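These are the residues of each chain, in order.
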Amino acid sequence: MADAPQGPALPLRARLSFACGHFLNDACSALWFTYLLPFLHAVLGYGHGAAGALLLAGQEQVPVALQQQLVQPGTCTTCVLVSFPFVFSPCLACREGTPQWAAFIYYLPFIVIFQFGWAATQVSHLALIPELVSSDHEKVELTAFRYAFTVMANITVYALTWLLLNFQRDQPDHMEHLGPQDVPVFRNLALIVVGLGAMSSLIFHLGTKEKPYPPGVLPEPEETSPLLQKESLGPPRPLLLWKDWLLEPSFYQVAVLYMSTRLIVNLSQTYIAMYLTNSLLLSKKFIATIPLVMYVSGFLSSFLMKPVNKCIGRNLTYFVGILVVLAFASWVALDRPMGAEIYGMAVLLGAGSATILVTSLSMTADLIGTNTHSSAFVYGAMSFTDKMANGVAVMVIQNLHPCPTELCCLACVAFYRWVMVLVTGGIAVAAVATLCCIMVWPIRIRYRAVGLRGLSGAGTPDGETRSAEGGAQGGTVN
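In the nomenclature of an unreviewed UniProt entry, the protein corresponds to Major facilitator superfamily domain-containing protein 12 from the organism Willisornis vidua. Its UniProt record gives the protein the following Subcellular location (unreviewed entry) comment, quoted word for word: "Membrane". Database annotation for the protein, UniProt heading Sequence similarities (unreviewed entry): "Belongs to the major facilitator superfamily."

In terms of helices and strands, the protein carries 16 helices and two strands. Residues classed as buried in the protein amount to 56% of the 478 residues present. Within the protein, residue pairs in contact and separated by at least 24 positions form 82% of the contacts whose partners lie at least 6 positions apart. Put simply, the protein shows about 19600 Å² of open surface, and 67% of that area lies on carbon and sulfur atoms.

Now for the side chain of Ser-360. Within the fold, Ser-360 resides in helix α14 (residues 341-368). When sequence neighbours within four positions are dropped, the list of residues in contact with Ser-360 reads Tyr-258, Thr-261 and Tyr-318.

So, on to α14. Over its 28 residues, α14 extends 41 Å from the first C-alpha to the last, a length consistent with the 40 Å expected when each residue adds 1.5 Å. The buried fraction of α14 is high, at 23 of 28 residues. Residue Gly-369 follows α14 closely and has a positive phi angle near 60°.

This part covers the environment of Asn-25. Assignment of secondary structure puts Asn-25 in helix α2 (residues 23-43). Overall, the relative accessible area of 2% leaves Asn-25 in the buried class. Put simply, Asn-25 and Gln-115 are 90 residues apart on the chain and 9.9 Å apart in space, counted from C-alpha to C-alpha. Beyond its immediate sequence surroundings of up to four residues, Asn-25 is in contact with Val-80, Trp-118, Thr-121 and Gln-122. Polar contacts involving the side chain of Asn-25 include one to the main-chain carbonyl oxygen of Trp-118, which spans 2.8 Å.

Once that is clear, we can look at the packing of aromatic side chains. Applying the stated criterion across every chain yields a total of 18 aromatic pairs. Seen in terms of ring centroids, Phe-84 and Phe-114 are 4.9 Å apart; in terms of plane orientation they differ by 45°. Their pairing is tilted. Here Phe-84, found in helix α5 (residues 73-87), pairs with Phe-114, found in helix α6 (residues 100-127); they are 30 residues apart in sequence, far enough to count as distant.

Let's shift gears to the pattern of salt bridges. As enumerated under the stated definition, the model contains one salt bridge in all. Its salt-bridge partner being Asp-182, residue Lys-284 comes within 2.9 Å of it at the nearest N-O pair. With Lys-284 in the loop between α11 (249-279) and α12 (286-302) and Asp-182 in the loop between α8 (136-167) and α9 (183-207), this residue pair connects regions lying 102 residues apart in the sequence. For Lys-284, a relative accessible area of 3% puts it in the buried group.

Direction vectors running N to C along α6 and helix α15 (residues 375-400) enclose 135°, while the axes themselves pass 8 Å from each other. For the element pair α6 / α15, the angle class is oblique. Helix-helix and strand crossings are classified by hand; for α6 and α15 the assignment is right-handed. Across the interface between the two elements, Trp-118, Gln-122, Val-123, Leu-126 and Ala-127 from α6 touch Ser-375, Ala-376, Tyr-379, Gly-380, Ser-383 and Lys-387 from α15. A breakdown of the residues in the contact of α6 with α15 according to their chemical character gives six nonpolar, four polar and one charged.

With that settled, consider the confidence of the model for the protein. Looking at the protein, the pLDDT average stands at 76 and 77% of residues meet or exceed 70. Per-element mean pLDDT across the protein ranges from 38 in strand β2 (residues 465-466) up to 91 in α9. The low-confidence segment residues 214-235 (pLDDT under 50) makes 54 contacts with residues lying over four places distant or belonging to another chain.

Relative to the helices and strands, Val-80 is located in helix α5. Sequence spacing of Val-80 and Phe-114 is 34 residues, and the spatial spacing of their C-alpha atoms is 4.8 Å. Not counting residues within four places of it along the chain, the set of residues in contact with Val-80 comprises Leu-24, Asn-25, Cys-28, Pro-85, Phe-114, Gly-117 and Trp-118.

This part covers a nonpolar patch on the surface. Side chains of Ile-312, Leu-316, Phe-319, Val-320, Leu-323, Met-439, Val-440 and Trp-441 sit close together on the surface and give an oily, nonpolar patch of about 740 Å² of accessible area. The set of elements that each furnish at least two residues to the nonpolar patch consists of α13 (305-333) and α16 (410-440). The topology assignment puts Val-320 in helix α13.

All right, on to the packing of α12 against α14 then. At a minimum axis separation of 7 Å, α12 and α14 run at an interaxial angle of 45°. Between α12 and α14, the angle falls in the class oblique. Once α12 is placed against α14, the crossing between them reads as right-handed. Packed against α12, whose contacting residues are Phe-286, Thr-289, Ile-290, Val-293, Met-294, Ser-297, Gly-298 and Ser-301, the element α14 presents Ile-342, Tyr-343, Ala-346, Val-347, Leu-349, Gly-350, Ala-351 and Ala-354 at the interface. For the contact of α12 with α14, the class distribution of residues is 11 nonpolar, five polar and no charged.

Residues Leu-31, Tyr-35, Phe-88, Tyr-271, Tyr-275 and Leu-276 are the most contacted members of the largest nonpolar core, which totals 126 residues. Considering each element in turn, this core owes the most residues, 15 residues, to α11. What Leu-31 contacts, discounting residues up to four positions off in sequence, is Leu-36, Phe-84, Phe-88, Val-157, Leu-189, Ala-190 and Val-193.

Its location among the elements puts Ala-144 in helix α8. Between the C-alpha atoms of Ala-144 and Ala-354, which are 210 residues apart in sequence, the distance is 9.4 Å.

The backbone of Leu-281 sits at a positive phi, close to 55°, despite the residue not being glycine. When you line up the elements, Leu-281 lands in the loop between α11 and α12. Taking the relative accessible area as the measure of exposure, Leu-281 reaches 52% and is therefore exposed.

What counts and what doesn't
- Residues numbered from 1 in each chain as written.
- Predicted model: local features only at pLDDT ≥ 70, side-chain atom pairs only at ≥ 80, totals over all residues.
- Heavy atoms only, no water.
- UniProt positions renumbered as here; feature names shortened; annotations may be inferred.
- Helix = DSSP H or I, 4+ residues; strand = E, 2+ residues; numbered from the N terminus.
- Buried < 20%, exposed > 50% of the residue type's maximum accessible area, 1.4 Å probe, protein only.
- Contact = heavy atoms within 4.5 Å.
- Areas by Shrake-Rupley, 256 points an atom, 1.4 Å probe, with all protein chains shown as cover.
- Expected span 1.5 Å × (residues − 1).
- Polar contact = N/O pair within 3.5 Å; in protein donor to acceptor, adjacent residues only side chain to side chain.
- Phe/Tyr/Trp six-rings, centres within 6.5 Å; stacked < 30°, edge-to-face > 60°.
- Salt bridge = Lys/Arg side-chain N within 4 Å of Asp/Glu carboxyl O.
- Axes fitted to C-alpha atoms, helices over the stretch in contact; angles between N-to-C directions.
- Parallel < 35°, antiparallel > 145°, perpendicular 65-115°, else oblique.
- Left-handed = near helix turned anticlockwise from the far one by under 90°.
- Nonpolar A, V, L, I, M, F, W, Y, C, P; charged D, E, K, R; others polar.
- pLDDT = per-residue confidence, 0-100.
- Patch = residues over 30% accessible without salt bridge, like charges linked within 9 Å, V, L, I, M, F, W, Y side chains within 5 Å.
- Core = buried A, V, L, I, M, F, W, Y, C linked by side-chain atoms within 4.5 Å.

What follows is the structure, encoded as structure tokens:
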């Protein structure tokens, strides 16, 4: 079937300004996931349980983001700007000998405010993708632009970390490994990130305009989505509400795949610094250079997403990314002394993570299709599964650590190596199983005919499920 005529493409300026809108979130996320545990453990001297509890406390705020449509985006950004510098600064009210539970109470409000603003901003930004563009390939392209800026944000964070650690080499208290002397590094890093993020958020708000739709009216799609087929000569389509999404099996398929993807990306980012310093016993400069290599490779691979998706489809693109992640996990499992090959491992993890993340976000945009009025709920639900799973996983890993301090026995040295193997290889196997389910039971969207009685004249009872397959089978995701 020939493609439907498309509307004018989104201008490059609008695409760039949209991509700028998540720079602050991405930079803060890089700091949060990569450096929070080393900061709490090695710099401030907190135990595994306390650090894991602070991470989990942050993830618990995500359900509030499901209500983000009640909060102005500018307010969400302000929450991040105001609270984040305090997370990576020493406790102002603490003294030597202050118990860890008191420090936990001090940091908790700042983490709660930061995570609320971060999650609400993420949901709002993702929900704009199906609002700004309608065709599948444009969604992939816009998601790739967004991820390119995500990688740029991460590269900025890691490059700044390398510079700040390098400046320390001239200091008399310079040490090869992280310690209390590195408090100014993380504090200054957080302040610089917030300043750059504030400027990028201003560019986003000035350059991105939403399409004005009348309330309760669905826009006509410019191109029929593979997931959604219009009913020919049928009654007006009902709005797909949040409770209708919960009845869609495809909603859960995409949610599990997205959750698995985020677990791989976020947990590998969280524990890569611990793996480098505690398992491979490398100096602290590697906590900047290795993540930097990861995200440079991710940046380069993100530009291949659109042609690869066109050539082999969503499912096979995701599968190729998972194979690259599994290659990284196999390399780590070999457990041999690492030299220059550590950079090759970083390239594999960066490219594989970028591929599966961009593809899973594109699948989510495909799932929403033209139902942009409820896209905030869909992205909020995906974010909820992602954050809760990450928080619980971190807490479990922290409590499985064999010793209360970082390095006290041989088991501690091997611990983070097996963490990296399991969070990449183990979860990748689960992601492949979910992908197989999508291939066997292709994604289909059905509409619940709510409030159509009187519109169609057919006497359809309220609440009756009306499939979009009237005369034609629903589309599938390739």
